[in-house]
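# Observations on chain architecture
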Amino acid sequence: MVAPARVNAPEEHVASAYAASVGVLPERPQLQGEVTADICVIGGGYSGLSTAISLLEKGHQVIVLEGARIGWGASGRNGGQVVNGFNAGLDTITRRYGDDTAAFFGRHLQEGGKIIRQRIEKYGIDCDLKEKNLYTAFTKKHLLELEAKQALWRRHGMDDHEMFDRASIRQHVGSDAYLGGMIDHSGAHLHPLKLALGEAAAVESLGGRIFEQSRVVSVDYSGPQPVAKTAAGQVRCKNLVICGNAYLGKAVPALLPRILPVSTQVLATEPLSDEQARDILPTDVCVEDCRYILDYFRLSADNRLIFGGGVLYGGRDAKDIAARIRPNMLKIFPQLKNVRIDYTWNGNFALSFSRVPQLGQLSNHTWFAHGYSGHGVTGSHFYGKVLADAIHGDLSQYNVLAGLPWLPFPGGRLFGAQYSAIGSFYYNLRDKLGF
Ligand SMILES: Cc1cc2nc3c(=O)[nH]c(=O)nc-3n(C[C@H](O)[C@H](O)[C@H](O)COP(=O)(O)OP(=O)(O)OC[C@H]3O[C@@H](n4cnc5c(N)ncnc54)[C@H](O)[C@@H]3O)c2cc1C
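Procedures and definitions
- Residues numbered from 1 in each chain as written.
- Predicted model: local features only at pLDDT ≥ 70, side-chain atom pairs only at ≥ 80, totals over all residues.
- Near = placed C-beta within 6 Å.
- Helix = DSSP H or I, 4+ residues; strand = E, 2+ residues; numbered from the N terminus.
- Nonpolar A, V, L, I, M, F, W, Y, C, P; charged D, E, K, R; others polar.
- Axes fitted to C-alpha atoms, helices over the stretch in contact; angles between N-to-C directions.
- Parallel < 35°, antiparallel > 145°, perpendicular 65-115°, else oblique.
- Left-handed = near helix turned anticlockwise from the far one by under 90°.
- Contact = placed C-beta atoms within 7 Å.
- Buried ≥ 20, exposed ≤ 12 C-beta atoms within 10 Å, placed from the backbone.
- Pairing = 2+ DSSP bridges.
- Core = buried A, V, L, I, M, F, W, Y, C linked by C-beta atoms within 7 Å.
- Expected span 1.5 Å × (residues − 1).

### Examining the site of the ligand
- Around the ligand, the structure places 45 residues, and the nearest of them are Gly-45, Gly-73, Gly-79, Gly-347 and Gly-376.
- At the level of elements, α1 (46-57), β11 (259-269), β15 (341-352) and α9 (377-392) are the ones that each hand at least two residues to the shell around the ligand.
- Here the shell around the ligand is composed, by residue class, of 18 nonpolar, 24 polar and three charged.

Below you can see the structure in the form of structure tokens.
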């Protein structure tokens, strides 16, 4: 029932259904010796690529340094759900930061999704885009939360949500598990690695240079021209942008307390027949539920069910992923009990303590963005554009986001993982008890 695990070299793509469906990847050089650039971006995920594209479109000269391969991190491994908004809801943002900040976020709930669509269109990126995303509810409380979200988003001018009860949600999900749900007609889903690879091609088409297998081991931003050092070379630049997110490691110590790597696990079934696919997801939308530790799933272009869930604080890899995730899948779709699991993989996202993404500066010429807390496909595109605008001289959006207070994880990385696990245990228990 479960295909044998495949293992790739650590600097190559994780052995996912995505990596198996992108064909031969372009070879890109490794950084050697000293190079100078207007702007050096660390990280070839969506944050780095989005920043790079926006800067190149404005006429800047950009180099991207990727430690492994383009899309090797969360951007090439994620659930592919193009979900509007941010992990922290507008209600939380209002409560914490007030009405003006909430109004700012409210105006930009759909911005990341729009940027993705524009890029797909403008650069001809084929990434199997399919429309709409669905939030599902297990309990009455989840349904009330969704109704409240719909009302709040309407107040901020977004009216693309539609509610479903137990009977009507079956038109979208072939499962008895749910009490109802809410669709976002302006959400979407896609092949995440193809998007990253398409964006890297866009960077190069605009004259940007990408170095792969070029992990930055340290940065020096004490002088007017920051320097990013790899094992074999260094880039000296006018502006340095750090977008390593959960995989940055210890290369930039100042960023360590800001985020906690968290791993989540994904499986992909064998390709389903058209009949099986229509049975479980008749309208081909992607789905995530309302729990703290949630299931997320969708059909790939070749009819595999891509099903994710689970978290491990501290970013450790789970060993037997199928044993963790397959039972969750069968709770939703017992009809898949004889379906083979072809791929399983881990990926790390970056949790911020507030669950609001962060951007900011470490010096006048050193910038960063990270911490989308598991909802970063759209957020990383928005934050990347905001960073690019700021470097180009328009600080209007940057100042709002950079001005938000942030808190380190209590106890740092070591104990932060344990505290978060305890918090997660508490919320998970609440979910299980239906509170
Ligand atoms: C399994 C999984 C499922 C997810 N599902 C969803 C989803 O369905 N929807 C959603 O909205 N979000 C989802 N997310 C979150 C989303 O994928 C991320 O928020 C988003 O991709 C972050 O992009 P990024 O560019 O900031 O980070 P990453 O994509 O992780 O990119 C960082 C890159 O920087 C490189 N790097 C790091 N350090 C260095 C260094 N020192 N030198 C050079 N390069 C370096 C890494 O190799 C990596 O390629 C998921 C995440 C995971 C892990």
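Structure's up, so let's keep going.
### Digging into the packing of helix α2 (residues 90-97) against helix α3 (residues 99-107)
- Put simply, α2 and α3 touch, their axes get as near as 7 Å, and they point 150 degrees apart. Accordingly, the angle class assigned to the pair α2 and α3 is roughly antiparallel. Like other packed secondary-structure pairs, α2 and α3 cross with a definite hand, here right-handed. Taking contact as the criterion, the partners of Leu-90, Ile-93, Thr-94 and Tyr-97 in α2 are, on α3, Asp-99, Thr-101, Ala-102, Phe-105 and Gly-106.

### Looking at unusual backbone geometry
- Within the chain, Asp-128 stands out as a residue other than glycine whose phi angle is a positive 55 degrees.
- Here Asp-128 shows up in the loop between α4 (111-122) and β4 (130-137).
- If you check the backbone angles, Asp-284 has positive phi at about 60 degrees while not being a glycine.
- Looking at where Asp-284 falls in the secondary structure, it is placed in the loop between α7 (274-280) and β12 (286-289).

### Side note on the pairing of strand β9 (residues 227-230)
- Residues Ala-228 and Thr-230 of β9 are buried on one face, while the alternating residues Val-227 and Lys-229, pointing to the opposite face, are not.
- Strand direction decides the pairing type here: strand β8 (residues 216-220) and β9, joined by four bridges, are antiparallel. The partner of Ser-218 across the bridge, within β9, is Lys-229.
- Linking β8 back to β9 in an antiparallel pair, the connection comprises six residues.
- What sits between the antiparallel neighbours β9 and strand β10 (residues 233-242) is a turn of two residues.

### Observations regarding the environment of Glu-288
- Tracing the backbone through its elements, the reader meets Glu-288 in strand β12.
- You can call Glu-288 buried: it has 23 C-beta atoms within 10 Å.
- When the C-alpha positions of Glu-288 and Glu-199 are compared, they lie 26 Å apart, and in sequence the two are 89 residues distant.
- Sequence-distant contacts of Glu-288, that is, excluding residues within four places in its chain, are made with Gln-81, Tyr-135, Leu-294 and Tyr-296.

### Brief notes about the pairing of strand β14 (residues 305-313)
- In terms of burial, β14 is largely enclosed, as seven of its nine residues are buried.
- Bridge count between strand β13 (residues 296-299) and β14: four bridges; the pairing is antiparallel. When the bridges of β14 are listed, Tyr-296 appears paired with Gly-308.
- Hairpin remark: β13 followed by β14, antiparallel, with five residues in the connecting loop; positive phi at Asn-303, about 65 degrees.

### Here's the deal with the nonpolar core
- Within the largest apolar cluster, 117 residues are counted, with the highest numbers of intra-cluster contacts made by Cys-40, Leu-65 and Leu-387.
- The residues contacting Leu-65, other than those within four sequence positions of it, are Leu-31, Cys-40, Ile-42, Phe-211, Ser-214, Val-216, Ala-228, Thr-230 and Val-235.
- By size, the runner-up hydrophobic cluster in this structure holds eight residues, among which are Leu-90, Ala-102, Phe-105 and Val-356.

### Let's talk about the environment of Lys-331
- One can find Lys-331 in helix α8 (residues 321-332).
- In sequence terms Lys-331 and Asp-176 are 155 residues apart; their C-alpha atoms lie 9.3 Å from each other.

### Topic: α8
- Over its twelve residues, α8 runs 17 Å from end to end, which matches the ideal 16 Å to within 8%, given 1.5 Å per residue.
- Those residues of α8 that are buried are in contact with β11, β14 and β15.

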